[in-house]
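Each chain, letter by letter, is given below.
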Protein chains: 2
Amino acid sequence: MQSVQFTGETTSNGVVERDFTVGDIPGVLWSPASGPDRAPLVLMGHGGGTHKKWPAMTGRAHLLVTGCGFHVACIDAPGHGDRPRTAHDEQEIAALFKAREAGEPEGPIVVRYNAHLAERAVPEWQATLDALQELPEIGTQGPVAYFGLNMGTAIGVPLTAADPRITAAVFGLHWPDALAETAKLITIPIEFMLQWDDEHIPRESGLALFDAFASKEKTLHANAGRHKELPRFESDSAARFLARHLGRAVTSSA
Amino acid sequence: MQSVQFTGETTSNGVVERDFTVGDIPGVLWSPASGPDRAPLVLMGHGGGTHKKWPAMTGRAHLLVTGCGFHVACIDAPGHGDRPRTAHDEQEIAALFKAREAGEPEGPIVVRYNAHLAERAVPEWQATLDALQELPEIGTQGPVAYFGLNMGTAIGVPLTAADPRITAAVFGLHWPDALAETAKLITIPIEFMLQWDDEHIPRESGLALFDAFASKEKTLHANAGRHKELPRFESDSAARFLARHLGRAVTSSA
């Protein structure tokens with residue numbers, strides 16, 4: 001088993017941010033600057049074309065650390081951030097840009113490429129989780145959750161179906177094509193976000209993916225607006241959902 | 001104009017509960033036992049077959065008063081609570097019970113009867129709001145919101161469309177048949193709740209009513225479960241939605 005190697009550390013606004021690697025996977029772990037010895041862990045998946053320290057990731061991480069006292073980890077997905085791209089990655093990214101320029105639907109390419117990336121990413125996440133649970137401040141007994149939208153859902157759904165350590169998850173903003181069958185295997189509590197006027201993902205497609213989860217407790221949050229207009233208050237809502245299921249009170253006024 | 005006549009007062013857990021009448025309409029006003037001179041007002045509509053002090057009403061009222069510092073008012077709908085039933089009321093209620101016993105769909109009767117009740121209830125609510133705004137602790141300048149599910153939505157949608165004083169509303173759990181055209185006139189922020197496995201209201205019907213609102217900011221909360229299984233945490237969510245739009249922070253850990 002590979003262990004966590006810390007490579008850098010900064011602290012701001014009560015949050016310790018530690019860069020790490022597990023093998024050749026680069027990641028970041030955000031933790032409370034002070035607090036109890038152990039705390040639950042939230043795995044955060046970034047969206048396509050972004051990386052582990054994209055503003056949406058650092059923003060949500062600070063919210064979860066300062067509001068709920070959680071540890072939050074994010075790793076670069078294959079071909080993203082500090083990681084090399086394969087020839088196949090380059091090919092798919094070129095196909096996506098070409099479709100966008102031609103005004104053609106990007107859904108078929110995103111669905112296919114994200115499914116490919118998920119196959120590479122799921123074992124990487126599991127190795128990372130193995131290593132993070134060796135840290136004394138996390139441990140193997142504490143609860144683990146997953147929070148990822150867009151590509152973060154394409155990777156998170158198969159990861160959650162494969163790994164029983166994950167006991168609550170926030171998903172959303174994805175097509176059902178490559179995911180619905182896997183979602184049917186998932187029974188943990190789910191909060192699912194979709195945009196009611198998404199110009200990429202047809203409304204019926206988003207609703208079909210939400211419908212597929214076998215979870216007895218699942219909540220859909222659908223907001224008026226286009227694909228990239230997810231309201232900021234949904235991050236607060238996700239924090240409250242995770243706090244409810246990981247057993248922490250939300251302490252900020254968020 | 002008729003004014004508010006207070007007929008009784010009790011205090012518990014930081015909440016003053018005052019019974020009142022406006023003309024022959026009986027109501028209840030919940031207020032903070034201590035706080036600033038003026039506070040926003042939430043009008044709360046109860047469900048069919050219940051009344052102004054049904055446990056769901058008093059529970060939500062305490063949440064909104066202690067969590068957000070609001071005033072909360074609820075009046076008995078026509079034919080409900082302390083109010084007399086007309087021959088037409090008796091007829092419709094008998095038809096509903098008959099349909100239930102026969103295992104026939106109750107939707108057509110509920111839709112038709114609620115539309116009738118809304119015609120009687122909207123002017124009553126407007127007279128009540130006129131009177132409540134004469135109270136110094138409410139006033140005519142402060143924001144007003146509406147929160148009502150089931151029959152509370154059947155009455156609240158036409159009320160909100162008719163009365164520009166209402167600037168945010170929580171609706172849900174109703175068929176679109178008699179409401180969708182009116183919902184198209186509503187542009188204020190909306191939070192809308194539906195049950196994903198509602199045995200009375202088909203999923204497509206609930207989604208169609210949410211879709212009808214012209215509001216630029218609207219959020220759908222759809223939860224797994226049957227008609228009466230709306231999760232308790234949606235009351236907390238409604239309180240946060242109202243706090244966001246009426247300009248108050250949620251101070252409880254709810």
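Residues numbered from 1 in each chain as written. Chains lettered and ligands numbered in written order. Predicted model: local features only at pLDDT ≥ 70, side-chain atom pairs only at ≥ 80, totals over all residues. Heavy atoms only, no water.

In the nomenclature of an unreviewed UniProt entry, chain A is known as Alpha/beta hydrolase of Streptomyces carpinensis.

1. Focus: the interface of chain A and chain B
With 19 residues of chain A at the contact, the number on the chain B side is 19 residues. Both sides together, the interface formed by chain A and chain B hides about 1600 Å², and carbon and sulfur atoms give 57% of it. When the area that chain A buries against chain B is broken down by residue, the three leading residues are Trp-196, Ala-224 and Phe-233 of chain A, summing to 28%. Here chain A and chain B share two salt bridges between them. Of the charged contacts in the structure, one is a salt bridge between Asp-211 of chain B and Arg-203 of chain A, with a shortest N-O distance of 3.1 Å. The tally of links from chain A across to chain B stands at 11 residue pairs in polar contact (both at pLDDT 80 or more). Elements represented by at least two residues in the side of chain A that touches chain B include exactly helix 6 (203-212), strand 9 (218-223) and helix 7 (233-246) of chain A. It is strand 9 of chain A that provides the largest number of residues to the side of chain A that touches chain B, a total of six residues. Among the residues making up the side of chain A that touches chain B, the classes are represented as seven nonpolar, four polar and eight charged. With five bridges joining them, strand 9 of chain A and strand 9 (residues 218-223) of chain B adopt antiparallel strand pairing. (Contact = heavy atoms within 4.5 Å. Buried area = accessible area lost by both parts, 1.4 Å probe. Salt bridge = Lys/Arg side-chain N within 4 Å of Asp/Glu carboxyl O. Polar contact = N/O pair within 3.5 Å; in protein donor to acceptor, adjacent residues only side chain to side chain. Helix = DSSP H or I, 4+ residues; strand = E, 2+ residues; numbered from the N terminus. Nonpolar A, V, L, I, M, F, W, Y, C, P; charged D, E, K, R; others polar. Pairing = 2+ DSSP bridges.)

2. Remarks on the packing of aromatic side chains
For the structure shown, the criterion picks out 12 aromatic pairs over all chains. A centroid spacing of 4.9 Å and a plane angle of 75° characterise the contact between Phe-210 of chain A and Trp-196 of chain B, whose relative ring orientation is edge-to-face. You can see Phe-210 of chain A sitting in helix 6 and its partner Trp-196 of chain B sitting in the loop between strand 8 (190-195) and helix 6 (203-212), one on each of two chains. For the pair Phe-210 of chain A and Trp-196 of chain B, one class covers both residues: buried. When the centroid spacing of 6.2 Å and the interplanar angle of 80° are considered together, the rings of Trp-125 of chain B and Tyr-146 of chain B count as edge-to-face. With a gap of 21 residues between them, Trp-125 of chain B in helix 3 (residues 107-132) and Tyr-146 of chain B in strand 6 (residues 144-148) connect regions that are remote in the sequence. Linked through ring pairs, Trp-125, Tyr-146, Phe-171, Phe-192, Phe-210 and Phe-213 of chain A together with Trp-196 of chain B together constitute an aromatic cluster. Above the plane of the ring of Phe-233 of chain B lies Arg-244 of chain A, whose end atom (NZ or CZ) is 3.6 Å from the centre. (Phe/Tyr/Trp six-rings, centres within 6.5 Å; stacked < 30°, edge-to-face > 60°. Buried < 20%, exposed > 50% of the residue type's maximum accessible area, 1.4 Å probe, protein only. Lys NZ or Arg CZ within 6 Å of the ring centre and 35° of its normal.)

3. Some remarks on the nonpolar core
In terms of nonpolar packing, the biggest core is built from 94 residues, with Leu-43, Leu-132 and Leu-220 of chain A together with Leu-43, Leu-132 and Leu-220 of chain B touching the most fellow members. Apart from residues no more than four positions distant in its own chain, Leu-220 of chain B is found in contact with Trp-196, Leu-220, His-221 and Ala-222 of chain A together with Phe-192, Leu-194, Leu-207 and Phe-210 of chain B. (Core = buried A, V, L, I, M, F, W, Y, C linked by side-chain atoms within 4.5 Å.)

4. What to know about the environment of Trp-196 of chain B
Residue classification places Trp-196 of chain B among the buried positions, given a relative accessible area of 3%. In the structure, Trp-196 of chain B is positioned 28 residues away from Ala-224 of chain B in sequence and 4.9 Å away in space, judged by C-alpha atoms.

5. Brief notes about the environment of Met-57 of chain B
All names here are of chain B. Examined against the element boundaries, Met-57 turns out to sit in helix 1 (residues 55-68). Separated by 91 residues in sequence, Met-57 and Gly-148 have C-alpha atoms that sit 9.5 Å apart. Sequence-distant contacts of Met-57, that is, excluding residues within four places in its chain, are made with Trp-30, Met-44, Gly-45, His-46, His-51, Lys-52 and Cys-74.

6. Quick look at the pairing of strand 8 of chain B
Residues and elements named next belong to chain B. Most of strand 8 sits inside the fold, with six of its six residues counted as buried. Side chains of strand 8 alternate between two faces, with Ile-190, Phe-192 and Leu-194 and Glu-191, Met-193 and Gln-195 buried alike. Sheet topology note: the strand 7 (residues 166-172)/strand 8 ladder contains four bridges and is parallel. When the bridges of strand 8 are listed, Gly-172 appears paired with Met-193. Sheet topology note: the strand 8/strand 9 ladder contains six bridges and is parallel.

7. Quick notes on the packing of helix 3 of chain B against helix 4 (residues 151-162) of chain B
Residues and elements named next belong to chain B. One way to put it is that helix 3 packs onto helix 4 with a least axis distance of 9 Å and a crossing angle of 50°. The orientation of helix 3 relative to helix 4 falls into the category oblique. In the crossing of helix 3 with helix 4, the sense of the turn from one axis to the other is right-handed. Contact residues: helix 3 offers Asn-114, Leu-117, Ala-118, Ala-121, Val-122, Trp-125 and Gln-126, while helix 4 offers Met-151, Ala-154, Ile-155, Pro-158, Leu-159 and Ala-162. Within the contact of helix 3 with helix 4, the residues separate by chemical class into 11 nonpolar, two polar and no charged. (Axes fitted to C-alpha atoms, helices over the stretch in contact; angles between N-to-C directions. Parallel < 35°, antiparallel > 145°, perpendicular 65-115°, else oblique. Left-handed = near helix turned anticlockwise from the far one by under 90°.)

8. Quick look at the pattern of salt bridges
Inspection of the entire model under this criterion finds 34 salt bridges over all chains. Through salt bridges that share partners, Glu-17, Asp-19 and Lys-53 of chain A make up one connected network.

9. Quick word on helix 6 of chain A
Ser-205, Gly-206, Leu-207, Leu-209, Phe-210 and Ala-212 of chain A are the residues of helix 6 of chain A that are buried. In this structure, the buried residues of helix 6 of chain A make contact with helix 4 (151-162), helix 5 (180-183), strand 8 (190-195) and strand 9 of chain A together with helix 6 and strand 9 of chain B.

10. Topic: the side chain of Ser-235 of chain A
The residue Ser-235 of chain A is located in helix 7 in this model. Residues within four places of Ser-235 of chain A in sequence aside, it is in contact with Arg-60 and Leu-63 of chain A.

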